[in-house]
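Observations on chain architecture
These are the residues of each chain, in order.
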Amino acid sequence: MTEDPGKFGLVLLLQALPGTQGIYGLLIAFFAILKVGLLGGGAGVTVNVWQGLGIFFACLPIAVGGFFSAIAQGKTSAACIQMIAKRPEETGKAVILPAMVETYAVLALLMSIILLNGITL
Amino acid sequence: MAVARIKKAELYVHKADLDNVLHALQKTGSFEVVPFGSESVSESTAPVHTDLSRVEGLLSEARFLLRFLEPYFKDNVSSLARTMGERETISLHDGKTLEDRTDLMSLSASVRSLERRLMEIRSELTQIASTETLLNALSDFPYPFELLTSGTERVRGILGTMPVSKIPAWREETEALLLSMGEVFTSTQGEKDTEGWIAVFFDEQKTAQITDLLARNSFSRVDVPLSLKKTPEEERLALSDRKVALASEEERVLAEIAGAAEQWVPSVRILSDYWTVLRDRYQAISSGSSTEQVIMLRGWIPASAVQRLTKAITPFGLSVELFLFDPKPEDSPPSHIVNSAWCFPFENLTRLYGAPKYGEIDPTPLLAPFFFIFFGMCLGDAGYGAIMIGFFLWFLRKYKKMPESFKGFFKLFVLSGVSTIVVGALTGSWFGDLVDAFSIFAFLRPLKNFMLVLNPMENPMIFLAISLALGILQLFFGLFIAFYDALRKGNYMGAFADTGGWIVFLTGLLLWGGVASGFISAQTSFLAKTLTFLGAAVLIATQGREKEGIIGKAVSGLLSLYSVTSYLGDVLSYSRLLALGLATSAVGVIINMLAGLAGDVPYIGWIIALLLLIGGHIFSIAVNVLGAFVHSLRLQYVEFFSKFYTGGGTVFSPLTYKTAFVAIKNEPEE
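Cut-offs applied
- Residues numbered from 1 in each chain as written.
- Chains lettered and ligands numbered in written order.
- Predicted model: local features only at pLDDT ≥ 70, side-chain atom pairs only at ≥ 80, totals over all residues.
- Heavy atoms only, no water.
- Helix = DSSP H or I, 4+ residues; strand = E, 2+ residues; numbered from the N terminus.
- Buried < 20%, exposed > 50% of the residue type's maximum accessible area, 1.4 Å probe, protein only.
- Contact = heavy atoms within 4.5 Å.
- Areas by Shrake-Rupley, 256 points an atom, 1.4 Å probe, with all protein chains shown as cover.
- Pairing = 2+ DSSP bridges.
- Axes fitted to C-alpha atoms, helices over the stretch in contact; angles between N-to-C directions.
- 1 Å grid on protein atoms, 1.4 Å probe; cavity = no way out; pocket = protein on both sides within 12 Å on 5 of 7 lines; lining within 4 Å.
- Points joined across faces, edges and corners; volume = space filled by probe spheres on them.
- Nonpolar A, V, L, I, M, F, W, Y, C, P; charged D, E, K, R; others polar.
- Expected span 1.5 Å × (residues − 1).
- Buried area = accessible area lost by both parts, 1.4 Å probe.
- Salt bridge = Lys/Arg side-chain N within 4 Å of Asp/Glu carboxyl O.
- Polar contact = N/O pair within 3.5 Å; in protein donor to acceptor, adjacent residues only side chain to side chain.

When helices and strands are counted, chain A shows 4 helices and 0 strands. In chain A, the succession of α and β elements from N to C terminus is α-α-α-α. Counting across all 121 residues of chain A, residues that qualify as buried make up 39%. Nonlocal contacts in chain A, meaning residues at least 24 apart in sequence, comprise 76% of its contacts between residues at least 6 apart. Working note: accessible area of chain A is about 6,500 Å², and carbon and sulfur atoms make up 71% of it.

Rendered as structure tokens:
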């Protein structure tokens, strides 16, 4: 970046990749809020302890998976930013590599969605 | 739709016609010069073009000029636009004329002197700034600096800093030592200062005692610049005059540089490109070989371009001779990828991974349909797809002259947008649930519901099944390609034992699974089991064939069955199609919901709602397009390519016009 400000766009892209876990987390949070009816001013659904625990555990996959994969992906992205500093022509590969790590966040997201869907209130 | 056939070429050129022939080669742009192999006929040193060193010299001057002047140049074409092909078109003839007209050497000499002057001014300004800090600290220093810098015949002076706590004691001691034969100065200190400025003037003969005393009190000496002579106040005035003078000179030099930039950058850019073209051309022969009268070049020509090249060199008649050979197995020709229009946009994806080796399969048309569908499923929102199409079509129209590879990329996104709209319409996702969330869109609901086939929010398991089924389809497709490829190369063991074994085994397992879960009628149960055991038997029998001894073979054959987990993992990896698709619509839903909530705020609610809708959806498009692209690409690279494709080829890069600022047009022959 210091030497070639023109790479801002690429660096931004790589920086955004590990950020998606945050969005996934937000997504599940919203799913959970919607589930118990806290949004929209309507009457909240009464949730018993077991259902509450169920929702809590349904949120865990993306919480744990997102947290650790985001850290790992951040490291990958940082390495890839250095890579495009040296060899800008390899940008394509640099964008793909962090996405390998993201797989686990996506899988965790999927699990959380499916689990939340499975809880009947 | 594949890697094109390449011919190995040897070109003999008489030196008299060398330049014209090289020009013709560069113009055709279909001859890649390769270094002469070690088996070269004569060990003569590589030929060097007589003009090369001149052009290289000029080119480095031009690069210096551009590097120095460009920051001062106001460009009316943005660099983005230039990358997108908005370039002035010149002919090489124009370049030549410009070269004759421009005295680049004297221009660069004058620019260099400007650069030097600017550096001098700036370094003097920094120096002044540091002297000023010193002077400010010594504002109550009553002596002229001359006493410190040169002293008088018998008086010496020392200036420096000392910890505040030690100053009073030191002062007493020094005064006792010097009596009337010297003077001591201590600056006034602020309350927070830990170091104070002190100076002492003394008889030369007392030097030893004074320095000893200073040293014991943690004194650190500060040398005053020799240029300082008078008292701080007078010096400060002089410096500020100098600063004003320097600043105005700097301004003048900068204006001069800006003027030079304004006047010269455009032509230097053209010249830089012109010389780059010449240099490439001249360097081509450096990798050839020469005799007294003849230069010999070796290289690659795509079979399809042979005719064009022959035509281009015919005018030179007898002074040129071209020989063509088929590449031998030990050669490693570059790959020239040629794809038909429908899958050309996807070629970039192949290149991103690495071009196929010569003679290998070009995976572009094979991955194209999968990427198309996968992108649609990952993004999966018709509204977002429409915006993508609109944006990239606009971009394509705005920069009509962009290079083919860029054009391919933008077309790829347009196509992906199409597939996104289709998937979005089928799953009823238009900017999330915009149509259902706001009553003003109520009139669109019947239309949306008419196209809706399956709502993944309500039936995620069906969508998951579709995703995995697509995954199984693509994996089998990959295996079949590997099977075909092995057959094509005559590797029957690889075809039937490795790939064939897996195909049979996996088909059997799938059928078995289908029967067990009741999706397929029980009558196929026998077939399923037969296939499974047959496949497994083939694998166990063959996968250990490189191991020693019958037991080693059997064990590693058996262990190879364990790879079935990797196939399972590959299939499960396709579940991301569902997850990303859901994520996109869910983000959209959340944005709409927030906007809906904001809309309830009295009076200004609708403004907030509108801002949230627009900003939120733009953000969501950006993030999700990135995700969809990267993940559908990953499925190609990791899951699909691992079955049959390695890449690792070198891309055909012919001698042609490689320019940064202008486009070279082919002029009619002079």
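Let us look at the sheet that holds strand β5 (residues 155-163) of chain B. All names here are of chain B. One open sheet holds the 4 strands; their spatial order is β6-β7-β5-β8, and the pairing between them is antiparallel. The sheet is open, and its two borders are formed by β6 (182-186) and β8 (220-221), each paired with just one other strand. Strand direction decides the pairing type here: β6 and strand β7 (residues 195-203), joined by 5 bridges, are antiparallel. Across the sheet, the residue bridging to Glu183 is Phe201, located in β7. The sheet strands contacting helix α7 (residues 167-178) are β5, β6 and β7, and the helix crosses β6 at an angle near 170°. The sheet strands contacting helix α8 (residues 207-216) are β5 and β7, and the helix crosses β7 at an angle near 165°.

Turning to empty space enclosed by the protein, a few remarks are in order. As enumerated under the stated definition, the model contains 2 cavities of 30 Å³ or more in all. Approximately 70 Å³ is the volume attributed to the largest cavity. Along its surface, the largest cavity is lined by Thr20(A), Ile23(A), Tyr24(A), Glu102(A), Leu580(B), Ala583(B), Val587(B), Val623(B), Asn624(B) and Gly627(B). A per-class count over the lining of the largest cavity returns 6 nonpolar, 3 polar and 1 charged. Roughly 40 Å³ of internal volume is contained in the second largest cavity. Those elements that place two or more of their residues in the lining of the second largest cavity are α14 (404-427) and α22 (576-599) of chain B.

Another aspect to go through is α14(B). Here α14(B) is 24 residues long and its end C-alpha atoms lie 34 Å apart, about the 34 Å a rise of 1.5 Å per residue gives. Backbone geometry just downstream of α14(B) places Gly428(B) in the positive-phi region, at approximately 70°.

Turning our attention to the side chain of Thr350(B). Along the chain, the position of Thr350(B) falls in helix α11 (residues 344-353). Setting aside anything within four residues of it in sequence, one finds Thr350(B) in contact with Ala355(B), Pro356(B), Asp362(B), Pro363(B), Thr364(B), Leu367(B) and Tyr645(B).

Taken together, the 27 residues of chain A in the interface contact 29 residues of chain B. Between chain A and chain B, a total of about 2,300 Å² is buried, with carbon and sulfur atoms accounting for 86% of that surface. One can count 0 salt bridges joining chain A with chain B. At the surface where chain A touches chain B, the tally comes to 3 residue pairs in polar contact (both at pLDDT 80 or more). Of all elements in the fold, only α1 (8-16), α2 (20-35) and α4 (91-118) of chain A reach the threshold of two or more residues within the side of chain A that touches chain B. By residue number, the principal contributor to the side of chain A that touches chain B is α4(A), which donates 15 residues. Classifying every residue of the side of chain A that touches chain B gives 20 nonpolar, 5 polar and 2 charged.

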